[in-house]
Protein chains: 2
Amino acid sequence: MKNPPNYPQLEDNAPLLLGPGPSNVPPRVLQAMAAPMMGHLDPIFLDVMDRIQHLLRYTFQTENSLTIPVSGTGSAAMETALSNMIEPGDPVLVCISGFFGERMEEMCRRYRAEVEIIRRPMGEVFTIEEIEQALKSRPAKVVAIVHGETSTGALQPLEGMADLVHAHGGLLVVDAVATLGGNPVLVDEWDLDVCYSGSQKCLSCPPGLGPITLGPRAEKTLAERETSVANWYFDMSGMQKYWGKERTYHHTAPISSNLALYEGLRIVAEEGLEARWARHQASAEMLWEGLQGLDMTMVVPEAYRMTTVTTVRVPEGVDEAAVRGRLREEYNIAIAGGLGDMKGKVWRIGLMGHSARKRNVRRLIGALDKILHG
Amino acid sequence: MKNPPNYPQLEDNAPLLLGPGPSNVPPRVLQAMAAPMMGHLDPIFLDVMDRIQHLLRYTFQTENSLTIPVSGTGSAAMETALSNMIEPGDPVLVCISGFFGERMEEMCRRYRAEVEIIRRPMGEVFTIEEIEQALKSRPAKVVAIVHGETSTGALQPLEGMADLVHAHGGLLVVDAVATLGGNPVLVDEWDLDVCYSGSQKCLSCPPGLGPITLGPRAEKTLAERETSVANWYFDMSGMQKYWGKERTYHHTAPISSNLALYEGLRIVAEEGLEARWARHQASAEMLWEGLQGLDMTMVVPEAYRMTTVTTVRVPEGVDEAAVRGRLREEYNIAIAGGLGDMKGKVWRIGLMGHSARKRNVRRLIGALDKILHG
């Protein structure tokens, strides 16, 4: 027999989370996580599954029947979206302007799509015309794009895009991991075919669930596949029977995480999406003003800037990691550095869900002021 | 704008969980789930990730470096095991004697393996000779087998099996979803190449994580793949860099679920595996005696019966669903019915992890006695 390790219980030292996710989780949601375990076929849990779907439809602003949380993180929802829509050889257009666009491309290749990509520099967004041009030169069955690029803070306008994609016979798959519940995401109004998110960003639940919704075109595409989905766990036709009336066992849903999501979505519904979007907007504007007051400049122009993740340039001569370290050590505030090309050059500041409050902005700006000038 | 749904907060009505998972979660683990959120790159969480790997190595009884929890349920760990070991066209042997063997076959087909299957009736196990015969007629790169079939309650002996598989140039992949932490699972002693489990069975954590371990042969097979793993989320080479020293971002780990797993594994280490196995054994023996005292017979002979899941025949003329309903309604005890061919004919009674206690057996036997005879 090998010896059992002996470790102490953890101490609580949780910081104010102002990075690009996870965000701080409200006590009510934490409490829901700690509810005694119940069976995955318990009538109470089955009822919660129905309510979650209803609450998610509100949050996604959709009537789509197939609207569920995938039993994995936001990246799992991305994988679900792409693997269910793509069959080997399918032409796919991926729009890349940051880290998560790259990830979409990688997944599409693994699903053996014929991938074409168009690129914009990090921090920029695509115009409808650019996508139209790409589709004119080669139609695509799936167009994949990120709504809010967590790696850059740029918000991709989506109005009118689905019409264009549909006119070329394609499906529009949208990554709303960093926007759902913080920026408007209007699935029905914008006619998105597939849209997915993560639980730990603007929904302020623990990470581990990836809400996804499939519109009628996407559901039809799934039903008419000629090949099986290339994996089993993320096959939406299996999940559909589990979350739908049949209740056919697929896998055991992460029960506690779903109880937490239920409570988190109840909070979204109580606050109301418009009020929630306005709160994100107001705290972001206060942040931008505060950063400008400290002589810093934002990477993304205000016209297409996310309110939920702000990238700001590190002032000349400042050691960005040292500042982040002091924020965490001395002020118990966590923000993030840059990804990819932006590493060392920017900070990424998240104001997501429960964390998107003016009092948190004041605390951060005050701390930054002291560290940089104090 | 669509209207926000208005739902009440849930009431607590959690039953004694004596089905084949999830099991009851100890209060300490529930409390860990409710810890304030922290970042996935927080030094405290990174430290917890290291400790979890160490604790999992103890639980799997292995020195395997690549030993981590997959960010999904036990089925996600199954998918990880198979998709990482299989390339298109690989010959695979799947041993099927129940529902989860069938699932393994389904996954192998999706990964485009050349699948051969051998079958035993539900409730039975394979002999080494049967597997040897199959490998002699066609060698396999991967042999996949279930250690404890949750659908039947049969415990597959594994001693000597890896030697046989290795002698034929293959890898042995073992499903220990229903046994790890309850029945002995000796990864190094038995020389298993891949072994995986789920958090919600004998580890008594919430569902949502799938511990997995890869031995040296499996790690080499992964490193020498000619094709990418056919999905992205479950690619162990990505997870390896995230959980290893590089800390390269892959996906955001389900933080709360991992804090819970840390606490659950600490409990395993405190109790010690031998004491834990003995507790499962003692409560199972008491259950079997109690059921026999009620004139019921077990499906699986004692020689290869799991202690963690017992299948017992429903007495002649008894409505099995009605009895389960009364157990749940009147006694707040949850057990499960049969799957597949066994539906309506058996009950499945789990004594897993925290639930595997004699006081729970007494409560169940007393309740069954009253319902059946009282």
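The model shown is predicted, which means the values in this text are computed figures rather than measured ones. (Residues numbered from 1 in each chain as written. Chains lettered and ligands numbered in written order. Predicted model: local features only at pLDDT ≥ 70, side-chain atom pairs only at ≥ 80, totals over all residues. Heavy atoms only, no water.)

**Q** So what exactly am I meant to see when it comes to the relation of the copies chain A and chain B here?
**A** One copy of the chain maps onto the other through a rotation about an axis plus a displacement along that axis. With an axial shift of 0.0 Å and an RMSD of 0.0 Å, the rotation relating chain A to chain B amounts to 180°. These values place the two chain copies in the arrangement generated by a two-fold rotation axis. Take the interface residues of chain A: 100% of them recur as interface residues in chain B, which is what a same-surface contact looks like. (Least-squares fit on C-alpha atoms with pLDDT ≥ 70 in both. Contact = heavy atoms within 4.5 Å.)

**Q** So what exactly am I meant to see when it comes to the domain arrangement of chain A here?
**A** Think of interface size as the accessible area that goes away when the parts come together; that is how it is often given. Residues and elements named next belong to chain A. With domains assigned, chain A is organised as domain 1 (16–21 + 273–373) and domain 2 (27–269). Taking only C-alpha atoms into account, the centre of domain 1 sits 27 Å from that of domain 2. On the side of domain 2, 32 residues touch domain 1, which itself brings 22 residues to the contact. Buried surface at the junction of domain 1 and domain 2, summed over both partners, amounts to about 2100 Å²; 63% is from carbon and sulfur atoms. One can count 0 salt bridges joining domain 1 with domain 2. Applying the counting criterion to the domain 1 and domain 2 interface returns 13 residue pairs in polar contact (both at pLDDT 80 or more). Within the residue set of the side of domain 1 that touches domain 2, elements represented by two or more residues are α11 (273–293) and β11 (309–313). (Domains from an automatic or database assignment. Buried area = accessible area lost by both parts, 1.4 Å probe. Salt bridge = Lys/Arg side-chain N within 4 Å of Asp/Glu carboxyl O. Polar contact = N/O pair within 3.5 Å; in protein donor to acceptor, adjacent residues only side chain to side chain. Helix = DSSP H or I, 4+ residues; strand = E, 2+ residues; numbered from the N terminus.)

**Q** Can you walk me through helix α12 (residues 320–331) of chain A in this structure?
**A** A turn of α-helix holds 3.6 residues, and therefore any two residues three or four places apart point the same way. Residues and elements named next belong to chain A. In this model, α12 (12 residues) spans 16 Å end to end at C-alpha, consistent with the 16 Å of a helix rising 1.5 Å per residue. Along α12, the residues classified as buried are E320, V323, L327 and R328. Taken around the axis of α12, the buried residues stretch over an arc of 135°, which confines them to a single face. Those residues of α12 that are buried lie in contact with β12 (333–334), β13 (336–337), β14 (346–350) and α13 (358–373). A distance of 3.1 Å separates the backbone nitrogen of A321 from a side-chain oxygen at the start of α12, and that oxygen is part of D319. (Expected span 1.5 Å × (residues − 1). Buried < 20%, exposed > 50% of the residue type's maximum accessible area, 1.4 Å probe, protein only. Arc of directions from axis to C-beta.)

**Q** Explanation requested: the side chain of A:T307 in the structure shown.
**A** Within the secondary structure, A:T307 is located in the loop between α11 and β11. Not counting residues within four places of it along the chain, the set of residues in contact with A:T307 comprises A:G182, A:N183, A:H280, A:Q281, A:A284, A:W288 and A:L351.

**Q** What's the story with the pairing of strand β5 (residues 142–146) of chain A in this structure? I'm lost.
**A** In summary, the side chains of a regular strand alternate between the two faces of the sheet. All names here are of chain A. When you tally the buried positions in β5, you get 5 out of 5 residues, the bulk of the element. Along β5, one buried face is formed by V142, A144 and V146 and the opposite face, lined by V143 and I145, is buried too. Pairing analysis gives 3 bridges linking strand β3 (residues 91–96) to β5, with the strands arranged parallel. Bridge pairing links V94 to A144 in β5. The pairing of β5 with strand β8 (residues 171–175) spans 5 bridges and is parallel. The residue of β8 that forms the bridge with V143 is L172. (Pairing = 2+ DSSP bridges.)

**Q** Looking at this structure, I do not really get the packing of aromatic side chains. What am I missing?
**A** Think of a pair of aromatic rings as described by two things: how far the centres are apart, and how the planes are tilted against each other in angle. All told, the structure shown has 13 aromatic pairs over all chains when counted by the stated rule. Summarising the aromatic geometry, the rings of A:F99 and B:Y249 are spaced 6.0 Å apart at their centres and angled 40° between planes, so their arrangement reads as tilted. Here B:Y249 lies in the loop between α9 (236–243) and α10 (255–271) and A:F99 lies in helix α4 (residues 99–110), a pairing that spans two chains. What makes A:F99 partly exposed here is its relative accessible area of 27%. Given the relative accessible area of 22%, B:Y249 is considered partly exposed. When the centroid spacing of 5.1 Å and the interplanar angle of 5° are considered together, the rings of A:F234 and B:F234 count as stacked. Taken together, the residues span two chains, with A:F234 in the loop between α8 (216–223) and α9 (236–243) and B:F234 in the loop between α8 (216–223) and α9. Residue A:F234 shares its accessibility class with B:F234, and that shared class is buried. (Phe/Tyr/Trp six-rings, centres within 6.5 Å; stacked < 30°, edge-to-face > 60°.)

**Q** Explain the nonpolar core to me, please; I cannot follow it from the model alone.
**A** If you look at soluble globular proteins, the nonpolar side chains tend to sit buried side by side. Core analysis: the biggest nonpolar cluster contains 194 residues, and A:I131 and B:I131 have the highest contact counts within it. When residues no more than four places from it in sequence are discounted, the contact partners of B:I131 are B:L93, B:C95, B:I118, B:F126, B:I145, B:M161 and B:L164. (Core = buried A, V, L, I, M, F, W, Y, C linked by side-chain atoms within 4.5 Å.)

**Q** I keep staring at unusual backbone geometry and nothing clicks. Help me out?
**A** Phi is mostly negative for residues that are not glycine, and the peptide bonds are mostly trans. The omega angle of the peptide bond from A:G21 to A:P22 is 0°, so this bond is cis rather than trans. Within the element layout of this structure, A:P22 appears in the loop between β1 (16–17) and α1 (27–33). Phi at A:S204 is positive, roughly 55°, even though this residue is not glycine. Here A:S204 is to be found in the loop between β9 (194–196) and β10 (210–214). By relative accessible area, which is 1% here, A:S204 ends up buried. At B:R112, a position not held by glycine, the phi torsion is positive, near 65°. On the secondary structure map, B:R112 appears in the loop between α4 (99–110) and β4 (114–119).

**Q** How should the pattern of salt bridges be read in this particular structure?
**A** Residues and elements named next belong to chain A. Applying the stated criterion to the full structure yields 46 salt bridges over all chains. R28 is the partner of E263 in a salt bridge, and the nearest nitrogen-oxygen pair spans 2.9 Å. Here E263 is found in helix α10 (residues 255–271), whereas its partner R28 is found in helix α1, with 235 residues between them in sequence. Here R28 falls in the partly exposed class, since its relative accessible area comes to 28%. Among the charged side chains, a salt-bridge network with shared partners connects R28, E263, R266 and E270.

**Q** What am I meant to see in the sheet that holds β13(A) here?
**A** To summarise the sheet geometry, strands pair through backbone hydrogen bonds and adopt either a parallel or an antiparallel arrangement. Residues and elements named next belong to chain A. Pairing is antiparallel across the open sheet formed by 3 strands, whose spatial order is β11-β14-β13. With one partner strand each, in any of the chains shown, β11 and β13 form the two edges of the open sheet. With 2 bridges connecting them, β13 and β14 associate as antiparallel partners. Each residue of the ladder has a partner; that of G337, found in β14, is W347.

**Q** What am I meant to see in the interface of chain A and chain B here?
**A** Listed by partner, the interface residues are 83 residues for chain A and 84 residues for chain B. Buried area between chain A and chain B, summed over both chains or domains, comes out near 6800 Å², and the portion from carbon and sulfur atoms is 63%. Of all residues in chain A, A:Y7, A:R110 and A:W232 give up the largest surface area on contact with chain B, accounting jointly for 11% of the area buried on that side. At the boundary of chain A with chain B, the tally comes to 4 salt bridges. Ionic pairing is found between A:R328 and B:D42, a salt bridge with its closest N-O pair at 2.4 Å. The interface formed by chain A and chain B includes 16 residue pairs in polar contact (both at pLDDT 80 or more). Here the side of chain A that touches chain B takes 8 residues from α10(A), the largest share from any one element. By residue class, the composition of the side of chain A that touches chain B is 43 nonpolar, 24 polar and 16 charged. (Nonpolar A, V, L, I, M, F, W, Y, C, P; charged D, E, K, R; others polar.)

**Q** I would appreciate a short explanation of the packing of α10(B) against helix α11 (residues 273–293) of chain B in the present structure.
**A** Packed helices, taken two at a time, are described by their axes: the angle between them and the distance between them. All names here are of chain B. Between α10 and α11, the shortest axis-to-axis distance is 6 Å and the interhelical angle comes to 90°. When the axes of α10 and α11 are compared, the pair comes out roughly perpendicular. Along the contact surface, α10 presents I267, V268 and E271, while α11 presents L273, A275, R276 and R279. Along the lines of polarity and charge, the residues of the contact of α10 with α11 split into 4 nonpolar, no polar and 3 charged. (Axes fitted to C-alpha atoms, helices over the stretch in contact; angles between N-to-C directions. Parallel < 35°, antiparallel > 145°, perpendicular 65-115°, else oblique.)

**Q** So what exactly am I meant to see when it comes to α4(A) here?
**A** All names here are of chain A. With 12 residues, α4 extends 17 Å between its outermost C-alpha atoms, agreeing within 8% with the 16 Å of an ideal straight helix rising 1.5 Å per residue. Along α4, the residues classified as buried are F100, G101, R103, M104, E105, M107, C108 and R110. Among the residues trailing α4, R112 stands out with phi positive, at a value near 60°.

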